[in-house]
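# Per-entry structural report
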Amino acid sequence: MGDMNPLPILRSCPLIDNNGQRVSAAEVFAGVKVIGLYFSASWCPPCRTFSPVLDSMKEDSFKVVMITADRQERDFLDYIRPYSSFCAIPYGTGALSAIQRAMGVSMLPTLVVINAETGAVITSMGRMAVSTNRAKCVKDWEQGRAGVLSSQQWLFVYLAAFLAVTLLAYQFKLAYLLAYQFKLFK
């Protein structure tokens, strides 16, 4: 992840809503605690799958800013139109590449979540957080947490699942043996 703060760029560049109309950064970010910098493009199939999921997360404290990698402005405008919770940096501005460089993004889709006051990166794994923890990730981000399970938490989930499957197998084996013992099978 790059180490440049993207907030000065976001606050100084024009923004547009999903209909291509200019909106002020002050208006867009009023009351927002975390900002999702969403690096996406209309030609990217995983982006087309993830965008509706991200758009469904309409929370007052969270705002998505799309940073497009589209090759044509018309493609970008057609792509963002259905996503009413998104705003974007307009196509063709230098701010697009400046934020991409600042964040060190090289893969689409990428959701980098930053603190709206300081610009500090909370997580560069926003897409994973939304995919695995949609109900709680914004609250986690507000508290400065990544919103995804840690390796220890994943280990706990794995072990719990393993134990559940093992117990189920033993229960099945016991039921089979009892049924055999009482000659329920011929």
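Residues numbered from 1 in each chain as written. Predicted model: local features only at pLDDT ≥ 70, side-chain atom pairs only at ≥ 80, totals over all residues. Heavy atoms only, no water.

## What about helix α3 (residues 45-55)?
In plain terms, the rule: Working definition: with a 1.4 Å probe on protein chains only, accessible area under 20% of the residue-type maximum means buried, over 50% means exposed, and in between means partly exposed. Secondary structure follows DSSP: runs of H or I at least 4 residues long count as helices, runs of E at least 2 residues long count as strands, and numbering of each begins at the N terminus. Note: the arc covers the axis-to-C-beta directions of the helix.
Along α3, the positions that sit buried rather than exposed are Cys-47, Phe-50, Ser-51, Leu-54 and Asp-55. Looking straight down α3, one finds that the buried residues subtend no more than 130° of arc, so they occupy a single side. Away from the buried face of α3 by more than 90 degrees, exposed residues Pro-45 and Thr-49 are located.

## What about the pairing of strand β6 (residues 110-115)?
What counts is decided by this rule: At least two bridges found by DSSP between two strands is the condition for calling them paired.
The element β6 is largely enclosed, with a buried count of 5 among its 6 residues. Note that strand β3 (residues 34-40) and β6 share 6 bridges and pair antiparallel. What sits directly across from Ile-35, in β6, is Ile-114. In this structure, β6 lies alongside strand β7 (residues 121-123), joined through 2 bridges in antiparallel fashion. Among the inter-strand pairings, Val-113 is bridged to a residue of β7, identified as Thr-123. Hairpin connection, β6 to β7: the antiparallel pair is bridged by 5 residues, and Gly-119 has positive phi, about 85°.

## What to know about the sheet that holds β6
In space, the 7 strands of this open sheet follow the order β2-β1-β5-β4-β3-β6-β7, with mixed pairing throughout. Two strands lie at the open edges of the sheet, namely β2 (22-23) and β7, each paired on one side alone.

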